[in-house]
Amino acid sequence: MPLYCEVCSRTFDGPDGKRCPWCRRRRTRHVEPDDLCFLTEREYIWSGMLADVLTQENIPFMQKNVYGAGLALKMGPTHERIRFYVFYKQLAEAESIVESLFSASDGVNASAPNGDNAQ
Ligand SMILES: [Zn+2]
């Protein structure tokens, strides 16, 4: 069973008590099927397409703007980045959808920034 980070909602493999490889916090525990997990981060122009496909596949998801509303207004919505979260029980299914949709582009969540990505 992978671990789950309560701070940034990402899942990763590792022994109990391991620090989150993304945010370096120790607020990690074993993941539960109903935990909302980070799926991917996409530019605004792609987020609508991904949302449509997830809806078609009956995968509930949550979207979160990466930047605050003030910055989005200044830069315009096209520069906004959207984070997608899904329940852990549907994470694998959602990940394969993301992979088939975006296989040509370089995903920002392809690997952990510190390089010791164990997934
Ligand atoms: Zn984290």
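All residue numbers here refer to positions counted from 1 along the written sequence of the relevant chain. Restriction of local features to residues with pLDDT of at least 70 applies here, the model being predicted, together with a cutoff of 80 or more for giving and counting side-chain atom pairs; totals for whole chains, interfaces and linings are based on all residues.

Caption draft 1: Quick peek at the sheet that holds strand S3 (residues 28-30). One requirement defines pairing of two strands: DSSP has to find at least two bridges between them. To qualify as a helix, a DSSP run of H or I must reach at least 4 residues; to qualify as a strand, a run of E must reach at least 2; elements of each kind are numbered from the N terminus. Ordered in space as S2-S1-S3, the three strands form an open sheet in which the pairing is antiparallel. Looking at which strands have only one partner, the edges of the open sheet turn out to be strand S2 (11-12) and S3.

Caption draft 2: Region of the structure containing the confidence of the model for the protein chain. On a scale of 0 to 100, pLDDT captures the predictor's confidence in every residue. Predicted confidence across the protein chain gives a mean pLDDT of 85, with 77% of residues reaching 70 or more. Mean pLDDT values over the elements of the protein chain span from 62, in helix H2 (residues 69-75), up to 97, in strand S1 (residues 3-5). The low-confidence segment residues 109-119 (pLDDT under 50) makes 14 contacts with residues lying over four places distant or belonging to another chain. We call two residues in contact when the distance between their C-beta atoms, placed using the backbone, is within 7 Å.

Caption draft 3: Up close: the nonpolar core. A set of buried residues qualifies as a nonpolar core if it consists of Ala, Val, Leu, Ile, Met, Phe, Trp, Tyr and Cys joined through C-beta atoms within 7 Å. Here a residue counts as buried when 20 or more other C-beta atoms sit within 10 Å of its C-beta, as exposed when there are 12 or fewer, and as partly exposed otherwise, the C-beta atoms being derived from the backbone. Ranked by size, the top nonpolar core spans nine residues in total: Cys37, Leu39, Leu50, Leu54, Ile82, Phe84, Val86, Leu91 and Ala94. Among the secondary structure elements, those contributing two or more residues to this core are strand S4 (36-43), helix H1 (44-56), strand S6 (81-87) and helix H3 (91-102). In terms of residue count, S6 provides more of this core than any other element does, three residues in total. Cys37 has contacts with Ser9, Arg10, Thr11, Tyr85, Val86, Tyr88 and Leu91, leaving out every residue within four places of it along the chain.

Caption draft 4: Broad picture of unusual backbone geometry. Despite not being glycine, Ser9 has its phi angle at roughly 65°, a positive value. Note that Ser9 resides in the loop between S1 and S2. Accessibility expressed as a C-beta count within 10 Å gives 21 for Ser9, which makes it buried. If you check the backbone angles, Arg24 has positive phi at about 65° while not being a glycine. Here Arg24 lies in the loop between S2 and S3.

Caption draft 5: Representation of the sheet that holds S4 within the structure. Here three strands make up an open sheet; going across it, the order is S4-S6-S5 and the pairing antiparallel. The sheet is open, and its two borders are formed by S4 and strand S5 (61-65), each paired with just one other strand. Adjacent strand axes in the sheet meet at a mean angle of 25°, parallel and antiparallel pairs treated alike. As judged from the seven bridges shared by S4 and S6, these two strands associate in the antiparallel manner. Of the residues in S6, the one forming a bridge with Glu41 is Arg83. For helices, the fitted axis covers only the stretch in contact; all axes are lines through C-alpha atoms, and the angles between them, taken along N-to-C directions, range from 0 to 180 degrees. Contacting S4, S5 and S6, H1 runs over the sheet at an angle of about 135° to S4. Packed on one face of the sheet, H3 meets S4 and S6 and runs near 15° to S4.

Caption draft 6: Fine view of the environment of Ile59. You can see Ile59 is positioned in the loop between H1 and S5. Separated by 31 residues in sequence, Ile59 and Gln90 have C-alpha atoms that sit 6.9 Å apart. Beyond its immediate chain neighbours, meaning those up to four positions away, Ile59 contacts Leu54, Val86, Gln90, Glu93 and Ala94.

Caption draft 7: The packing of H1 against H3, seen in detail. One can describe the packing of H1 onto H3 by two numbers: an axis separation of 11 Å at closest approach and a directional angle of 135°. The angle between H1 and H3 falls in the class oblique. The handedness of the crossing between H1 and H3 comes out as right-handed. Where H1 abuts H3, its residues Met49, Leu50, Val53 and Leu54 lie against Ala94, Ile97, Val98 and Leu101. In this classification, Asp, Glu, Lys and Arg are treated as charged, Ala, Val, Leu, Ile, Met, Phe, Trp, Tyr, Cys and Pro as nonpolar, and every other residue, Gly included, as polar. Counted by class, the contact of H1 with H3 contains eight nonpolar, no polar and no charged residues. When an angle is under 35 degrees it counts as roughly parallel; over 145 it counts as roughly antiparallel; between 65 and 115 it counts as roughly perpendicular; any other value is oblique. Note on convention: near helix rotated counterclockwise from far helix by under a right angle means a left-handed crossing. Clockwise means right-handed.

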